[in-house]
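# Breakdown of the fold
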Amino acid sequence: MSCIVDARGLRFSYQPGREILRGVDFHLHRAESVAVFGRNGSGKTTFLLHLNGILRGEGHLRVCDLPVAPPHLQHIRRKIGFLFQDPEDQLFRPTILADVAFGPLQAGLPPAEAEQRARRALAAVGIEEDLGRAPYHLSSGEKQRVALAGILAVEPEVLILDEPTTHLDPPARRALLELLRTLPQAKLVVTHDAAFARALCPRAVFFDHGRVAADGPTEEIIRRFGWDLGSPPETSPVPR
Amino acid sequence: MAQRIGPRHFAFDEWSRGGSFLHRLDARWKLALTLLALLLTSLRQEAWMAAPAVALLAVAARLPVLALAWRTAAVLPFSAVFALMSWQSGDPERAALLLWRPYVSALWVTLLMAVTPLEDVLAAARRFGAPRLLLDVMHFIWRYLGVLGEQAWRMRTAAAARGADRSFEVSAASLAVLFAASYQRAVRIHRAQLSRGGGGLQ
């Protein structure tokens, strides 16, 4: 399988003397689904924000065979669909249709084609009626689906989902899981939800103190680091 | 009246979805008439008499008149500063003008927003040739004032649950936290826009 994300020795500090990423090595292949575990503050989201160039650290990083640097950033951002943790941050247009069409319009598509793409993406997530509603009047699950449609509309090759189940009740989680299973894109899912990760991702990585401490089958990672409420960790995390 | 359990932000979102004749009127007509009303208010001394007319229209639209009047009073602290300056300079007539004229103008706008969903107002303004950037900014402000309002409500609820009073100290500290949280949210929103190929509002 070809490598769609290739990171080696990635380092980053928000401020001098306080390194958040301390040499991250990670690769993701096409159509692969990988869960990303780790304690709060271990660098997971910081790493993800490097993949579409929102943050720029040091080291080797290529996405879709392109270096994550100008002048490739706009192209890379069309290849990566980033679903943020709080859909309130992501829904900023007056209507559902306008919000989902935002990405295709930014990509330079004519308005008519952008609207068609938006309608197709909304249909894919099961929202086909009342597209003139304001997105912020929806339930959490619906907002999440509209936000997902917004990133699907640009037809990305990689989906990055940052704690996608945080605001969802169990039926909405199940619906999101079933939807994600039908999508062919490679997926990186930051989550504390072990059951969700087990059901969606055969592989997982564990972030610890700014590095990938482990990389392997999801069940093994969950058991090893006690990432399931029912079982304590088999080993201690990597010491500082 | 039953006590509201949820956040109280944006009663306008609820009010604007009523079924009265004013609600059903085309947004372009409502916007045009509001703009005309604002023009007359700014030009005519006796336009203060429009205030009862606004109240009657609100009643006809089945809106809570007192709540509308109270929300509109948010403009008074700003105009009161200038009114006070005029009063102190020995011009009480001008001081009165500086108080009622902004208030009556704001009443017209409040009525418009109470009978017309924001999306329709912005679409109407777009049809009239208003710059898209301006409308996007207005929508952003409206949208995220609501989000901040919800956050403020949650903070107040959490503080009350811990026995906090409504003292100046508690309110000031909460406001500072809300300001910082707003900045963080703005950073996240910008990142979300960048991730979808945007460069902020365009």
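Just above, that's the structure.
Before going into details, it helps to say that this report is about the structure given with it. Quantities reported herein were computed from a predicted structural model and do not represent experimental measurements.

### A word on the overall build of chain B
- Looking only at helices and strands, chain B has 10 helices and zero strands in total.
- Here the C-alpha coordinates of chain B stretch approximately 50 × 45 × 40 Å along the principal axes.
- Entry remark: accessible area of chain B is about 12500 Å², with carbon and sulfur atoms responsible for 68%.
- Here chain B contributes 23 positive and 12 negative side-chain charges, whose respective centroids are spaced 7 Å apart.

### Structural notes on the sheet that holds strand S6 (residues 80–83) of chain A
All names here are of chain A.
- Overall, mixed pairing links the six strands, which are arranged S6-S7-S8-S3-S9-S10 in an open sheet. Single-partner strands in this sheet number two, and they are S6 and strand S10 (211–217). On average, each strand axis in the sheet is tilted by 20° relative to the strand beside it, whichever way the strands run.
- Of the pairings in the sheet, the one linking strand S9 (residues 203–208) to S10 comprises six bridges and is antiparallel in character. Across the sheet, Ala204 pairs through a bridge with Gly216, a residue of S10.
- Relative to the sheet, helix H1 (residues 44–51) contacts strand S3 (33–38), S6, strand S7 (158–162), strand S8 (186–190) and S9, its axis offset from that of S8 by approximately 150°.

### A few points about the nonpolar core
Residues and elements named next belong to chain A.
- Core analysis: the biggest nonpolar cluster contains 44 residues, and Phe37, Val100, Leu122, Leu148 and Leu180 have the highest contact counts within it.
- Here this core takes six residues from helix H5 (residues 140–152), the largest share from any one element.
- Among residues more than four places away in sequence, those in contact with Phe37 are Lys44, Thr191, Ala197, Ala204, Val205, Phe206, Phe207, Thr218, Ile221, Ile222 and Trp227.

### Quick look at the sheet that holds strand S2 (residues 18–29) of chain A
All names here are of chain A.
- An order of S2-S1-S4-S5 is seen for the four strands of this open sheet, with the pairing classed as antiparallel. If you trace the sheet from one side to the other, it starts and ends with S2 and strand S5 (66–67), each paired once.
- As paired strands, strand S4 (residues 58–63) and S5 are joined by two bridges and run antiparallel to one another. Paired with Val63 across the bridge in S5 is Leu66.
- Running over the sheet, H1 touches strand S1 (3–15), S2 and S4 and is turned about 120° from S1.

### Section: the interface of chain B and chain A
- Taken together, the contact between chain B and chain A spans 22 residues of the former and 28 residues of the latter.
- When chain B packs against chain A, close to 2400 Å² is buried across both sides, 48% of that on carbon and sulfur atoms.
- Across the contact surface, chain B and chain A share five salt bridges.
- The partner of A:Asp99 in a salt bridge is B:Arg196, with the nearest N and O atoms 3.1 Å apart.
- For the interface between chain B and chain A, the tally reads seven residue pairs in polar contact (both at pLDDT 80 or more).
- Mapped by element, the contributors of at least two residues to the side of chain B that touches chain A are helix H9 (132–161) and helix H10 (168–195) of chain B.
- Among the elements that take part in the side of chain B that touches chain A, H10(B) stands out by supplying eight residues, more than any other.
- When its residues are assigned to classes, the side of chain B that touches chain A shows six nonpolar, six polar and 10 charged.

Here is what the cut-offs are and how they apply
Residues numbered from 1 in each chain as written. Chains lettered and ligands numbered in written order. Predicted model: local features only at pLDDT ≥ 70, side-chain atom pairs only at ≥ 80, totals over all residues. Heavy atoms only, no water. Helix = DSSP H or I, 4+ residues; strand = E, 2+ residues; numbered from the N terminus. Areas by Shrake-Rupley, 256 points an atom, 1.4 Å probe, with all protein chains shown as cover. Lys, Arg positive; Asp, Glu negative; His and termini not counted. Charge placed at Lys NZ, Arg CZ, Asp CG, Glu CD. Pairing = 2+ DSSP bridges. Axes fitted to C-alpha atoms, helices over the stretch in contact; angles between N-to-C directions. Contact = heavy atoms within 4.5 Å. Core = buried A, V, L, I, M, F, W, Y, C linked by side-chain atoms within 4.5 Å. Buried < 20%, exposed > 50% of the residue type's maximum accessible area, 1.4 Å probe, protein only. Buried area = accessible area lost by both parts, 1.4 Å probe. Salt bridge = Lys/Arg side-chain N within 4 Å of Asp/Glu carboxyl O. Polar contact = N/O pair within 3.5 Å; in protein donor to acceptor, adjacent residues only side chain to side chain. Nonpolar A, V, L, I, M, F, W, Y, C, P; charged D, E, K, R; others polar.

All we've got here are geometric facts, nothing functional implied.
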